[in-house]
Amino acid sequence: VLYFPIKARNVLAQLVAKKGGLTCALETPAWPEYKGETVFGQLPQLEFDGQKLAQSMAIVRCIARKAKLDGATDEEFYASEMLLELSVECYDALKAAFVYEKMGVPADKVDELKATLKTLFGHMERLVDASRGTAGDLATVASCVVCEEFNLDELLTDAPKVKAYYEAEKATRDELFGSFGAWFKPCQAA
């Protein structure tokens with residue numbers, strides 16, 4: 001996976017690959033020099049077997065399919081897909097609240113963002129099954145990783161299964177993302 005060492009669009013793909021037993025190294029290309037080599041002029045990009053695959057969720061679904069983490073039954077597949085889409089909503093909520101010029105979420109948007117994230121984690125709670133371990137289930141852990149700067153204990157008060165799964169995956173999280181910087185974070189007080 002070509003991306004930057006931050007907690008963002010690369011987290012879920014790396015987590016699914018790791019849990020699926022696939023080797024998936026993170027490499028950071030020289031940027032913006034490499035931009036012309038990408039499918040759509042952006043990252044992340046997965047390169048394997050002479051193929052180049054762009055778009056974060058397409059990458060996740062490709063890895064999940066290869067690792068057989070897309071659900072063993074139709075019902076598991078459906079739940080996994082819904083969880084994947086909830087993770088997209090989580091990321092999109094973070095992105096919408098994030099102000100790139102300030103490199104953080106403005107203080108006046110933090111409470112609104114937290115309320116949205118808490119609702120999304122509540123929806124995930126209804127579907128997550130750590131014993132199933134599909135890409136969608138892992139998406140709940142990845143969503144927690146990208147939201148770590150926003151007081152996860154508070155965000156997960158109504159999502160004990162999501163919190164337990166996130167905590168159970170601590171060793172994997174530390175191995176994969178321990179040195180990564182937070183991408184989404186509240187602005188520091190002036």
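Our subject is the structure listed above.
As the structure is a computational prediction, the values presented were derived from the model and not from experiment.

A.B. asks: Run through the overall build of the protein, naming residues and quoting values.
C.D. replies: Assigned secondary structure in the protein consists of eight helices and four strands. In terms of overall size, the protein behaves like a compact globule, its C-alpha atoms giving a radius of gyration of 16 Å where 190 residues would be expected to give roughly 16 Å. If one aligns the C-alpha atoms of the protein with their principal axes, the spans along those axes are about 45 × 45 × 25 Å. Counting the 190 residues in the protein, one finds 46% classified as buried. In the protein, once contacts between residues fewer than 6 apart in sequence are set aside, the share between residues at least 24 apart is 69%. In the structure as shown, the protein presents an accessible area of about 9,600 Å², 51% of it carried by carbon and sulfur atoms. Between the mean site of the 22 positive side-chain charges and the mean site of the 29 negative ones, the protein shows a separation of 1 Å.

A.B. asks: Describe the nonpolar core, listing the residues and the values that go with them.
C.D. replies: Formed by 61 residues in total, the largest nonpolar core has its most connected members in Leu 12, Val 16, Leu 117, Phe 121 and Cys 147. When contributions to this core are tallied by element, the ones reaching two or more residues are helix 1 (11–19), helix 2 (56–67), helix 3 (74–97), helix 4 (107–127), helix 5 (135–146), helix 6 (152–155), helix 7 (160–168) and helix 8 (170–177). At nine residues, the largest contribution of residues to this core is made by helix 3.

A.B. asks: Which residues make up the pairing of strand 2 (residues 45–48), and what values go with them?
C.D. replies: As defined by bridge partners, strand 2 adjoins strand 3 (residues 51–54) across four bridges and the pair is classed as antiparallel. Bridge pairing links Leu 46 to Leu 53 in strand 3. Counting the residues that bridge the hairpin from strand 2 to strand 3 gives two residues, and of these Asp 49 lies at a positive phi of roughly 45°.

A.B. asks: Give a detailed account of helix 5, specifying residues and quantitative values.
C.D. replies: In this model, helix 5 (12 residues) spans 16 Å end to end at C-alpha, consistent with the 16 Å of a helix rising 1.5 Å per residue. Across the 12 residues that make up helix 5, a large majority, 12, are buried. Among the residues making up helix 5, those that are buried are Ala 135, Gly 136, Asp 137, Leu 138, Ala 139, Thr 140, Val 141, Ala 142, Ser 143, Cys 144, Val 145 and Val 146.

A.B. asks: So, the packing of helix 2 against helix 3: which residues are in play, and what are the values?
C.D. replies: To describe two helices that pack against each other, one gives the angle between their axes and the distance between the axes. The contact between helix 2 and helix 3 brings their axes to 12 Å, and the two run at 150°. It follows from the interaxial angle that helix 2 and helix 3 lie roughly antiparallel. The handedness of the crossing between helix 2 and helix 3 is right-handed. Only Glu 81, Leu 84, Glu 85, Ser 87 and Val 88 of helix 3 make contact with helix 2, whose side of the interface consists of Met 57, Val 60 and Arg 61. When the residues that make up the contact of helix 2 with helix 3 are grouped by side-chain class, the tally is four nonpolar, one polar and three charged.

A.B. asks: Please give an account of empty space enclosed by the protein that cites residues and values.
C.D. replies: Counting across every chain of the model gives one cavity of 30 Å³ or more. Sorting the residues of the lining of the largest cavity by element identifies helix 1, helix 2, helix 3 and helix 5 as the ones contributing at least two each. Sort the elements by how many residues they give to the lining of the largest cavity and helix 5 lands first, with four residues.

A.B. asks: Would you mind going over the packing of aromatic side chains in detail, with residue names and values included?
C.D. replies: Note on aromatic pairs: each is described by the distance of the centres and the angle between the planes. In the structure shown here, the tally under the stated rule is seven aromatic pairs. Taking 5.5 Å as the distance between ring centres and 50° as the angle between the ring planes, the aromatic pair formed by Tyr 3 and Phe 4 counts as tilted. Of the aromatic side chains, those joined through ring pairs into one cluster are Tyr 91, Phe 98, Trp 183 and Phe 184. Residue placement shows Arg 173 over the ring face of Tyr 166; its charged tip is 3.7 Å from the ring centre.

Rules used throughout
Residues numbered from 1 in each chain as written. Predicted model: local features only at pLDDT ≥ 70, side-chain atom pairs only at ≥ 80, totals over all residues. Heavy atoms only, no water. Helix = DSSP H or I, 4+ residues; strand = E, 2+ residues; numbered from the N terminus. Rg over C-alpha atoms; globule rule 2.2 N^0.38 Å. Buried < 20%, exposed > 50% of the residue type's maximum accessible area, 1.4 Å probe, protein only. Contact = heavy atoms within 4.5 Å. Areas by Shrake-Rupley, 256 points an atom, 1.4 Å probe, with all protein chains shown as cover. Lys, Arg positive; Asp, Glu negative; His and termini not counted. Charge placed at Lys NZ, Arg CZ, Asp CG, Glu CD. Core = buried A, V, L, I, M, F, W, Y, C linked by side-chain atoms within 4.5 Å. Pairing = 2+ DSSP bridges. Expected span 1.5 Å × (residues − 1). Axes fitted to C-alpha atoms, helices over the stretch in contact; angles between N-to-C directions. Parallel < 35°, antiparallel > 145°, perpendicular 65-115°, else oblique. Left-handed = near helix turned anticlockwise from the far one by under 90°. Nonpolar A, V, L, I, M, F, W, Y, C, P; charged D, E, K, R; others polar. 1 Å grid on protein atoms, 1.4 Å probe; cavity = no way out; pocket = protein on both sides within 12 Å on 5 of 7 lines; lining within 4 Å. Points joined across faces, edges and corners; volume = space filled by probe spheres on them. Phe/Tyr/Trp six-rings, centres within 6.5 Å; stacked < 30°, edge-to-face > 60°. Lys NZ or Arg CZ within 6 Å of the ring centre and 35° of its normal.

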